[in-house]
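These are the residues of each chain, in order.
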Amino acid sequence: MKSLWNDIEAQAFESDPLQLRVYTSRLLGKEPGLVLHGGGNTSVKDAVKNIFGDIEEILFVKGSGHDLATIQADGFAPVRLKALTRLATLERLSDTQMARLQRSAMTDPEAPDPSIEAMLHANIPYKYVDHTHADAVVTITNSRRGQGLLQEIYQDRVLIVPYIKPGFKLAQEIIKMTHDTKWEKIEGMILLHHGVFTFADDARTSYERMIKLVSEAEDYLQKQGAQEHVAGAQAQEDLLTLSSIRRYVSRAKGSAMIARLDHSPEACGFANLDNVKSIAVRGPVTSDHLIRTKPFPVIFGKDVQQDITDYTRAYQAYFDKNTDGRRTCLDPAPRWGVWPQHGTIALGRSVRETIIVSDIVRHTICAIQHGEALGGWKFLSEKQMFDMEYWELQQAKLPPNDIFPELQGKIALVTGAGSGIGLACATMLHEQGAVVVGLDINPEISKMFNQEDLLGITCDVTDNRAVKAAVEDTVRRFGGLDILIPNAGIFTATQKIEDLEEEIWNRSMEINLSSNQRLLKTCIPYLRQGIDAAVVFISSKNVPAPGPGAAAYSVAKAGQTQLARIAALELGCDGIRVNVVHPNAVYDTALWTPEVLESRACHYGCTVEEYKTNNCLKTEVTSKDVAALVCAMVGPAFAKTTGAQIPIDGGNERVI
Ligand code: NAD
């Protein structure tokens, strides 16, 4: 492992220990072989003058929930050092008491909660303390001969600490163990099944020691040929089964989940191993990962529904066996799966969660194979894993379930998402928690929607191959499809029937009607596997109340409405709802220019404002209003409505 220390960069922080702490913390955070997504923690001790002019020794320790890769100075919790060292001398302290007392010893009540390892940091007699979950080191600790191998590699240069759940007890145990230790003789501590600590009075030495210790473990793995024991294989694709896996996992969870497939050769190679059923379920790389991964994954075979049922039973049995009667069982859905011939799957309520799990899994499957090559992968006992998974201070790192918006975990596809009503629908669905893929013929869409859970794909909806590719891409990335909003449409030139050009007619039919039929046809197999699947067609008031000169548009929209009604009949038995909205004029869209608006108002002898609000409620309908209706229609309020046509027009007397 290469040191990323840079003298010139570091110079800027020379006179500020906390800023230097930020700098080297970020260096650690940049290296996924050291820490992943919020893992690890660091600290610095400094003398700070308080409001009374008194000097206090403060431990600035990483705040819970902060990520070393991106941490800033305000991500460190300032805790009075003396309070922390004294706490460790108490005979007994519950986890909740510890968390409260640590918090009450902070000098800034606005700062984040101090890491659960703050007490340990406080009791290491050095200014800088670095702690990571380095893959190479933890892999060795997780092999059957781990402790012996560590002694072989490091001799007495590191202190080897048996596994103890982090927090008060671990801090106390280390104080006991180091009672006679000559700290200056050791370069670090290795906590079995957990991670590595290094320390020094200057930031660089502490950081470089981490790199050195980890490099030695990497070299050892290299020499043992462990790194050659990572299987690879080409994956097959089966998007329908992927969608059904997501459906069954979501059922087990009780809410919609995202499924992130890793079909890389490494993931597929691992999934295809003959002994995968045995080695994949022996536990993760570090106990810190348990809240993300649970102790074991689901292993898929021929019947994925049965596999998930079996998993939930096994998880419940694990809970029943290990609980002390004071805990509530978490949902029994798996957080990752091993799918022979296809790869691995990470499962979560948001794309972010699946990215975190997926990264952890990538490192885990590699570490397991290295551990096997060293004599056998062996993690903690089931009870120890349970205690860590169900530790309230660990669970507190995850967002509580009740903060999620209504459409969290749902996957939506919106066509014509680059402007007007489509843009408003995509934005609002995303705000309400859905992952959204927006298609538009305008290539700007890929720049407009470029977040991990809001994706723009350039696609002409009349190009069936491009549509099919976009739908498949959606399922491949997120695991399924629940919401479809066929919205892309054009208002063709006003021409009376006797003057109607064939090209205009055909174009309207192609974009406003036929493309919708092909899109729906492509999506139906995936919607069948969706979570409360719903389709909402954006049609037009022109259907119930057509106007002269708009045959090409109105007939296509009427056809689209009829398509939706028949789809509602055909798909009801699959639980797929199909409804239609009929907006009247929606002026904040590209269909309407100020000139067109002016000329229409003039034609009817009224002002633009009067024209815009020419309806029963005397109100203007905006694209956001349409989006709000669409979001409601894909949600639980419309769970029992299908085949309906809902106007959104402020009340039109020709329709009423
Ligand atoms: P808009 O022009 O603002 O947005 C339409 C979007 O569809 C644009 O981003 C456009 O690039 C995209 N698009 C057009 N052709 C496409 C194709 N072949 N493939 C992919 N994308 C394509 O218009 P809007 O008013 O938001 O229209 C959205 C829908 O609402 C349309 O179906 C329209 O018929 C319907 N509608 C609009 C109104 C209104 O007054 N604006 C009223 C009733 C119904």
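Residues numbered from 1 in each chain as written. Predicted model: local features only at pLDDT ≥ 70, side-chain atom pairs only at ≥ 80, totals over all residues. Heavy atoms only, no water.

### Brief notes about the overall build of the chain
Here is the rule we go by: Each helix corresponds to a stretch of at least 4 residues labelled H or I by DSSP, and each strand to a stretch of at least 2 residues labelled E; elements are numbered beginning at the N terminus. In this scheme, a residue with accessible area under 20% of its type's maximum is buried, one over 50% is exposed, and one in between is partly exposed, where area comes from a 1.4 Å probe on protein chains only. We call two residues contacting when some pair of their heavy atoms lies within 4.5 Å. To be clear on the numbers: accessible area is Shrake-Rupley with a 1.4 Å probe, and residue cover counts the displayed protein chains and nothing else. Asp and Glu are treated as the negative residues and Lys and Arg as the positive ones, with His and the ends of the chain left uncounted. By convention, charge coordinates are those of NZ in Lys, CZ in Arg, CG in Asp, or CD in Glu.
Within the chain, the regular secondary structure consists of 25 helices and 19 strands. Taking the principal axes of its C-alpha atoms as reference, the chain extends roughly 100 × 65 × 50 Å. Residues classed as buried in the chain amount to 55% of the 656 residues present. Long-range pairs, those at least 24 residues apart, make up 72% of the contacts in the chain with a sequence separation of at least 6. Summed over all atoms, the accessible surface of the chain reaches about 28,300 Å², with 50% contributed by carbon and sulfur. Side-chain charges in the chain split into 68 positive and 81 negative, and the spacing between the mean points of these groups amounts to 5 Å.

### Some points on the site of the ligand
Our working rule: Residues are counted as near a molecule or strand when any one of their heavy atoms sits within 4 Å of it. The definition of a polar contact used here is a pair of N or O atoms within 3.5 Å, where within protein one atom must be able to donate a hydrogen and the other to accept one, and adjacent residues in sequence count solely through side-chain atom pairs. Gly falls in the polar group here, along with every residue not listed as nonpolar (Ala, Val, Leu, Ile, Met, Phe, Trp, Tyr, Cys, Pro) or charged (Asp, Glu, Lys, Arg).
By nearness alone, 25 residues border the ligand, and Ser419, Asp440, Asn487, Tyr553 and Val586 come closest of all. Between Ser419 and the ligand, the recorded distance is 2.6 Å, taken from a side-chain N or O atom to an oxygen atom. In the environment of the ligand, an oxygen atom lies 2.7 Å from a nitrogen or oxygen atom belonging to the backbone of Ile421. Taking 820 Å² as the accessible area of the ligand by itself, protein coverage stands at 92%. Put simply, the parts of the chain that give the shell around the ligand at least two residues each are α18 (420-431) and α22 (551-571). Within the shell around the ligand, the residues separate by chemical class into 13 nonpolar, nine polar and three charged.

### Here we look at a negative patch on the surface
Rules: For patch building, the residue pool is restricted to those with more than 30% relative accessible area and no salt bridge; the joining distance is 9 Å between like charges and 5 Å between nonpolar side chains (Val, Leu, Ile, Met, Phe, Trp, Tyr). By salt bridge we mean one thing: a side-chain nitrogen of Lys or Arg within 4 Å of a carboxyl oxygen of Asp or Glu.
Where like charges cluster on the molecular surface, the negative patch consists of Glu498, Asp499, Glu501 and Glu503. Tracing the backbone shows Glu498 in the loop between β16 (483-485) and α21 (502-528). Using a relative accessible area of 73% as the deciding quantity, one classes Glu498 as exposed.

### Considerations on the packing of aromatic side chains
Keep this limit in mind: In this scheme Phe, Tyr and Trp rings, the latter by its six-membered ring, pair at centre separations within 6.5 Å, and the angle between planes marks the pair as stacked below 30 degrees, edge-to-face above 60, and tilted otherwise. A ring is considered to have a charge above it if a Lys NZ or an Arg CZ atom is located within 6 Å of its centre and within 35 degrees of its normal.
Evaluation of the coordinates by the stated rule reveals 18 aromatic pairs. Pairing Tyr587 with Trp592 gives two aromatic rings, centres 4.9 Å apart and planes at 65°, and the pair type is edge-to-face. Relative to Tyr611, the ring of Tyr604 lies with its centre 5.9 Å away and its plane at 25°, an arrangement referred to as stacked. For Tyr611, a relative accessible area of 13% corresponds to the buried category. Every member of this aromatic cluster is reached through a ring pair, and the members are Phe296, Tyr311, Tyr315, Tyr318, Phe319, Phe386 and Tyr390. Of note, Lys294 hangs over the ring of Tyr315, and the distance from its end group to the ring centre comes to 4.1 Å.

### What about the sheet that holds strand β14 (residues 450-451)?
Rules: Any two strands are treated as partners once DSSP identifies two or more bridges connecting them. Helix axes use the C-alpha atoms of the stretch in contact, all axes being lines fitted to C-alpha atoms, and the angles between their N-to-C directions lie in the range 0 to 180 degrees.
Spatially, eight strands are ordered β14-β15-β13-β12-β16-β17-β18-β19 in an open sheet, and the strand pairing comes out mixed. Because the sheet does not close on itself, it has two edges, and the strands there are β14 and β19 (645-648). Across five bridges, strand β13 (residues 435-440) lies against strand β15 (residues 454-458) in parallel orientation. Paired with Val437 across the strands is Leu455, a residue of β15. Contacting β17 (534-538), β18 (577-583) and β19, α22 runs over the sheet at an angle of about 155° to β18. Against the sheet, helix α25 (residues 623-634) makes contact with β16, β17, β18 and β19, and its axis sits at roughly 165° relative to β18, the strand it touches most.

### Some points on the pairing of strand β8 (residues 258-262)
By the criterion of burial, β8 is predominantly enclosed, with four of the five residues buried. Taken together, the five bridges between β8 and strand β11 (residues 343-348) define a ladder with antiparallel strand orientation. Residue pairing for β11: Asp262 is matched across the bridge by Thr344.

### Here we look at the environment of Arg518
You can see Arg518 is positioned in helix α21. For Arg518, a relative accessible area of 22% puts it in the partly exposed group. Between the alpha carbons of Arg518 and Thr462 there is a distance of 8.6 Å; along the sequence they are 56 residues apart. Those residues in contact with Arg518 that lie beyond four places of it in its chain are Val461, Thr462, Asn464 and Glu510.

### Some details on the pairing of β17
Along any regular strand, the residues point their side chains to alternate faces of the sheet. Here β17 lies mainly inside the structure; five of its five residues are buried. Across the two faces of β17 the burial is the same, with Ala534, Val536 and Ile538 and Val535 and Phe537 all buried. Sheet analysis places β16 next to β17, joined by two bridges and oriented parallel. Within the sheet, the bridge partner assigned to Ile483 lies in β17 and is Ala534.

### Some details on the pattern of salt bridges
Side chains carrying opposite charge are able to pair once their charged atoms draw close together. As enumerated under the stated definition, the model contains 33 salt bridges in all. The residue Glu208 makes a salt bridge to Arg204 at a minimum N-O spacing of 3.1 Å. Here Arg204 and Glu208 lie together in helix α9 (residues 203-223), a separation of four residues that amounts to about one turn. The residue Glu392 makes a salt bridge to Arg327 at a minimum N-O spacing of 3.4 Å. With a gap of 65 residues between them, Glu392 in helix α17 (residues 392-395) and Arg327 in the loop between α14 (304-322) and β10 (336-339) connect regions that are remote in the sequence. Salt bridges linked by common partners bring Arg157, Glu187, Lys212 and Glu216 together as one network.

### Let's talk about the domain arrangement of the chain
Keep this limit in mind: Here the limits of each domain have been adopted from an automatic or database domain assignment.
Splitting the chain by domain gives domain 1 (7-223), domain 2 (239-403) and domain 3 (411-586 + 621-648). Between the C-alpha centres of domain 1 and domain 3 there is a distance of 53 Å.

### Remarks on the side chain of His582
Here His582 is to be found in strand β18. Under the relative-accessibility criterion, His582 is labelled buried at 3%. In terms of polar contacts, His582 uses its side chain to reach the side chain of Gln645, at 2.8 Å. Residues within four places of His582 in sequence aside, it is in contact with Ser539, Ser540, Lys541, Val543, Pro544, Thr561, Gln645, Ile646, Pro647 and Ile648.

### Some words on α22
Threshold: Given a helix with a known number of residues, its expected span is that number minus one, times 1.5 Å.
With 21 residues, α22 should cover 30 Å at 1.5 Å per step; its first-to-last C-alpha distance of 29 Å lies within 8% of that length. Residues of α22 that are buried make contact with α21, β17, β18 and β19.

### Looking at the packing of helix α20 (residues 464-478) against α21
When two helices pack together, their arrangement is given by the angle between the helix axes and by the axis-to-axis distance. Spelled out, the test is: In what follows, roughly perpendicular refers to angles from 65 to 115 degrees, roughly parallel to angles under 35, roughly antiparallel to angles over 145, and oblique to any angle outside these ranges. Crossing handedness is defined as follows: a turn of the near helix away from the far one that is anticlockwise and smaller than a right angle gives a left-handed crossing, while the clockwise case is right-handed.
Contact geometry for α20 and α21: axes closest at 10 Å, N-to-C directions at 25°. If you check the angle between α20 and α21, you find them roughly parallel. The handedness of the crossing between α20 and α21 comes out as right-handed. Where α20 abuts α21, its residues Asn464, Val467, Lys468, Val471, Glu472 and Val475 lie against Arg518, Leu519, Thr522, Cys523 and Tyr526. Classifying every residue of the contact of α20 with α21 by side-chain character gives six nonpolar, two polar and three charged.

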